Amino acid sequence: MAEKRDYYEVLGVDKNADADTIKKAYRKAAIKYHPDKNPGDKEAEEKFKEAAEAYDVLSNEEKRARYDRFGHAGMGGAASGAGGFGGFSGGGFSMEDIFSQFGDIFGGHFGGGFSGFGSGHRGQRVNRGGDIRIKVKLTLAEIASGTTKKVKINKDIACDKCGGTGAEGSNGFTTCPTCNGSGYVMRVENSFFGRMQTQSVCPKCGGEGRIVTSPCSKCHGEGTVRESEIVEIQIPAGVGEGMMLTVSGKGNAARHGGVNGDLLVVIEEVQNPQFVRDGEDLIHNLNITVTTAMLGGEVEVPTIEGKAKIKIAPGTHAGKILRLRGKGLPSVNGYGRGDILAVVDITIPSKLSSQEKKIVEQLAEMPSFKKAEKVENQNIFERMKNFFR
């Protein structure tokens, strides 16, 4: 299987390109590789679909942010494969999907396809319900292991009286007189490519092909009612602050029996008092006593699961970084697990008894304590930088 190309490369735009530039680049690519300009050319057809896939992601702020962070893996691979999550996957985009979703950006030229493209294949337009966005708070322990959350959502659901059709009974419809039930109207116009036949959504029925003549008494012809629903969300391990997961089909129901929207779940991390997260690694400020720093010993370090013991070498200085391998967070893509990085901080007593003060004064007169030792000639930031090399 061929490796997917970078979406910015597909459209030939910079990673900082604005929405207008991306739209123009897609329009140019779609015109170049359109099937009616390249009849029978499978390579051109694949590039046409590839451009549509790239535009679908880069024209959407949320999808683009996820792609910039995770690449292709975040759009339909490991990052969204578990628990019913999924984003856009180019392999599932047909020509008709492309024309239906993006046709309106071409100023009429691609309204329903060039010449007869799509006219013999399109059915009536299917409405889609709106997406719902919610935030879910997760503790570090929940992020480490993955979890299931149940949330109560107020949303549009299909009317149980009319089954979502919006009509009172099976005879509550009439065929649209404008499009004769097709959902689309055809017209012939002159364009840059010559005389073209295009089709657009019927303005009378909105592409449904029929009109409600006897509205349902419960939903008043809409096909949906407002109610609450408990939704169970499977959250994979390793997710991070601001990451968005998609639960397909759990958004608002569509008018007149269309396709449900999606539930967009934005992750919000609950601050942990013991750790600072850095990707899959967890940074912990490890306080030790002066005597432990001088003589060495064994101390406990908190972990997500509980506690672990770690050895302190004699003469350990403040700022030294000790690593507990594999005790951090799992990768959201399933590639291993991070570490806990314990940064040593030496606790100096603020008050001393008279006896303790005498002992310290005696130590101060000994050779090993006469002169401050220079530590590696590096500050903590340099040591952190070198640690990760």
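Up top you'll find the structure we're talking about.
Residues numbered from 1 in each chain as written. Predicted model: local features only at pLDDT ≥ 70, side-chain atom pairs only at ≥ 80, totals over all residues. Heavy atoms only, no water.

Draft legend 1. Fine view of the packing of aromatic side chains. All told, the structure shown has three aromatic pairs when counted by the stated rule. Centroid distance Y8 to Y67: 6.2 Å. Interplanar angle 40°. Geometry classified as tilted. You can see Y8 sitting in helix α1 (residues 7-11) and its partner Y67 sitting in helix α4 (residues 61-70), a full 59 residues away along the chain. Both residues of the pair, Y8 and Y67, count as buried. Three or more aromatic residues joined by ring pairs make a cluster, and in this case those are Y7, Y8 and Y67. (Phe/Tyr/Trp six-rings, centres within 6.5 Å; stacked < 30°, edge-to-face > 60°. Helix = DSSP H or I, 4+ residues; strand = E, 2+ residues; numbered from the N terminus. Buried < 20%, exposed > 50% of the residue type's maximum accessible area, 1.4 Å probe, protein only.)

Draft legend 2. Helix α2 (residues 19-33), seen in detail. Compared with the 21 Å implied by 1.5 Å per residue over 15 residues, the 21 Å span of α2 between its first and last C-alpha is a close match. Looking only at α2, the buried set comprises I22, A25, Y26, A29, A30, I31 and Y33. (Expected span 1.5 Å × (residues − 1).)

Draft legend 3. Focus on the nonpolar core. Membership of the largest hydrophobic core comes to 37 residues, with the highest contact counts inside it found for I233, V239, L263, V265 and L286. Among the elements that line this core, the one with the most residues is strand β1 (residues 132-138), at four residues. Counting residues in hydrophobic clusters, the runner-up holds 21 residues, among them I22, A30, A44 and A54. (Core = buried A, V, L, I, M, F, W, Y, C linked by side-chain atoms within 4.5 Å.)

Draft legend 4. Quick look at unusual backbone geometry. Positive phi is not limited to glycine here, since N180 has a value of about 55°. As for its position among the elements, N180 is in the loop between β3 (173-175) and β4 (184-191). Given the relative accessible area of 64%, N180 is considered exposed. In the Ramachandran plot, H220 falls in the positive-phi region, its phi being about 60° despite a non-glycine side chain.

Draft legend 5. Highlighting the pairing of strand β13 (residues 307-312). Residues A308, I310 and I312 point to one face of β13 and are all buried, whereas K307, K309 and K311, pointing to the other face, are not buried. Two strands pair when backbone bridges link them, and strand β12 (residues 297-302) and β13 are joined in this way by six bridges, in the antiparallel orientation. Each bridged residue has a counterpart across the sheet, and for V301 the counterpart in β13 is A308. Hairpin connection of β12 to β13: four residues between the antiparallel strands. (Pairing = 2+ DSSP bridges.)

Draft legend 6. Focus on the sheet that holds β1. Pairing is mixed across the open sheet formed by three strands, whose spatial order is β1-β9-β8. One side of each edge strand has no neighbouring strand; the edge strands of this open sheet are β1 and β8 (244-247). Averaged over all pairs of adjacent strands, the angle between strand axes in this sheet comes to 30°, irrespective of strand direction. When β1 meets strand β9 (residues 263-269), the two strands line up parallel, connected through seven bridges. Bridge pairing in β9 links K135 to V266. (Axes fitted to C-alpha atoms, helices over the stretch in contact; angles between N-to-C directions.)

Take it as geometry only, folks, not as evidence of what the structure does.
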